[in-house]
Amino acid sequence: MSRPRDTRQKDLLRPALDQIIDLKHPLVVLAGKIDWGFLEQRLGGVYKGGPGQPPLPVRLMAGLLILKHMHNLSDEVLTARWAENPYFQFFCGEEVFRHDLPFDRSSMSRWRQRLGEERLAALIQESLRVAQATGALSTKDLARVAVDTTVQPKAIAHPTDARLTHKAIEKLVAFAKDNGITLRQSYLRVAKKAAIMVGRYTHAHQHKRANRQLKFLRTRLGRLIRDINRKIAAKGDAEAPELLAHYGPLRDLAIKISMQTQRQRGQKVYSLHAPEVECIGKGKARAPYEFGCKVSVAVPITKPKGGLFVLHAQAIHGNPFDGHTLAKAVADIKANTGRDPDRVHVDRGYRGHDHPNKFKVWITGQVRRTTAAIKREMKRRAAIEPIIGHLKAEHRMGRNYLKGRSGDRINAVLAAAGFNFHLLVRWLKYLWRALFLALQVQSKMALISSN
């Protein structure tokens, strides 16, 4: 395996970072608590020996991923802030302050794709280990957990038939232009006008006129598909296979969009750039349908000193029934914490679950086999709801910008890791404040006794 590139030598002309920063800063203390060797062992396995430039240090990329989701930053904002924040640089393993970036912004995208969900789960495991080592989370807090599911929305516009059809026409015309295919007519001008009129007629409740314009759009989309098919077939055996390889996926999506109806069964296309998006009905008055994928989340049912850490977060595709995700969620909790939970509290959506030991699962409103302690725990099950809200609002689970199904799974894991490390920073800040107050009280008592 090739050795990671590490040019961070102590510069005699510049002071070391540990001489110009506050070593009691929570981010500095957290950097000292994390076992970077464990993360390098788990995340560094993607390297392959051979010629070429050595890869970036594992601590640098792991630290960047943690900071990104801890502070809810985009890749561009993170790289800009890293260049001006000495605490960010110290957390990522730098020895002296750097005015230039040792990496490119696109390096983060390649690292995420290269690592995947399974390796990035080590960040959650390490956050839970640090929480136990610092006293923020105890072993007894892992015995009883609450599990729930939510929707991780994808970064797409609200899908309508007119918008999707118009977008498919634009994509097909752009493909033809890029590949030198001359179309009989592009329909861009009339398609844009028809898409606008569909929205206006629908707003005015003139549905017959709206459907007429939508039919006009679908007719033009079909003409474009057939026109491009003919032009590619006329290219000959030399160019046609290569063009078909690029045109095939786009053509299939365009055909699905032109044929799908509102009440059809099965998977539909809700976005051209993210065809994996699923429509999930949550029954909310504010948002009856959400477009993304389902995510399973687990937190302790007790009240740990450092807060409710996320013990498990996993994106699940296919929009399964909540109960059919429970066995996998409990297995992931055991993998992250090293302990099989004794009690699992869920809501009524998990009735008919697939957990092999049904006596460990307690459903909200259950009457049989309940005791006073279990009833108190069942009231605590709703504490998972604000944690899901924090994951969405502050740690980038509310709108996923990563590409593909792998991006959905990666974003869910990184959001949970960022939330846990955020709690750790707050806990370490509280510990330093408590220690300072204790020293103040001790000095005052010594002064009083001396007088």
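Residues numbered from 1 in each chain as written. Predicted model: local features only at pLDDT ≥ 70, side-chain atom pairs only at ≥ 80, totals over all residues. Heavy atoms only, no water.

Caption draft 1: Representation of the nonpolar core in the model. Judged by nonpolar contacts, the single largest core of 90 residues is most densely connected at Leu-30, Leu-64, Phe-91, Val-147 and Val-310. It is helix H14 (residues 404-450) that provides the largest number of residues to this core, a total of 14 residues. Apart from residues no more than four positions distant in its own chain, Val-310 is found in contact with Ile-124, Leu-128, Val-297, Ala-298, Val-299, Ile-387, Leu-391, Ala-416, Phe-419 and Asn-420. Membership of the second largest hydrophobic core comes to 31 residues, among which are Ile-169, Ile-181, Val-198 and Leu-214. (Core = buried A, V, L, I, M, F, W, Y, C linked by side-chain atoms within 4.5 Å. Buried < 20%, exposed > 50% of the residue type's maximum accessible area, 1.4 Å probe, protein only. Helix = DSSP H or I, 4+ residues; strand = E, 2+ residues; numbered from the N terminus. Contact = heavy atoms within 4.5 Å.)

Caption draft 2: Molecular detail of helix H6 (residues 106-133). The end-to-end C-alpha distance of H6, which contains 28 residues, comes to just 35 Å, noticeably less than the 40 Å that a straight helix rising 1.5 Å per residue would cover. For H6, the principal kink sits at Gly-116 and spans about 95 degrees. (Expected span 1.5 Å × (residues − 1). Bend = angle between axes of the 7 residues up to and from the residue.)

Caption draft 3: Region of the structure containing the packing of aromatic side chains. Using the criterion set out here, one finds five aromatic pairs in the structure. Considering the side-chain rings of Trp-82 and Phe-103, the 5.7 Å spacing of their centres and the 75 degrees angle between planes classify their relative orientation as edge-to-face. In this pair, Trp-82 is assigned in helix H4 (residues 75-82) and Phe-103 in the loop between helix H5 (86-91) and H6, connecting sequence segments 21 residues apart. For the pair Trp-82 and Phe-103, a shared accessibility class is recorded, and that class is buried. A ring pair is formed by Phe-175 and Tyr-247, whose centres lie 5.3 Å apart and whose planes are at 25 degrees; its orientation type is stacked. Residue Phe-175 is found in helix H7 (residues 161-178), and its partner Tyr-247 is found in helix H10 (residues 240-259); the two are separated by 72 residues along the sequence. Grouping residues by exposure puts Phe-175 and Tyr-247 together as buried. Against the face of Trp-362 rests Arg-369, its NZ or CZ located 4.5 Å from the ring centre. (Phe/Tyr/Trp six-rings, centres within 6.5 Å; stacked < 30°, edge-to-face > 60°. Lys NZ or Arg CZ within 6 Å of the ring centre and 35° of its normal.)

Caption draft 4: Main features of the packing of helix H3 (residues 58-70) against H6. Interaxial distance between H3 and H6 falls to 11 Å at its minimum, and their mutual angle equals 80 degrees. The angle between the axes of H3 and H6 places the two elements in the roughly perpendicular class. Facing H3, whose interface residues are Val-58, Met-61, Leu-64, Leu-65, Ile-66 and Lys-68, H6 presents Ser-107, Met-108, Trp-111, Arg-112, Leu-115, Leu-120 and Leu-123. Within the contact of H3 with H6, the residues separate by chemical class into ten nonpolar, one polar and two charged. (Axes fitted to C-alpha atoms, helices over the stretch in contact; angles between N-to-C directions. Parallel < 35°, antiparallel > 145°, perpendicular 65-115°, else oblique. Nonpolar A, V, L, I, M, F, W, Y, C, P; charged D, E, K, R; others polar.)

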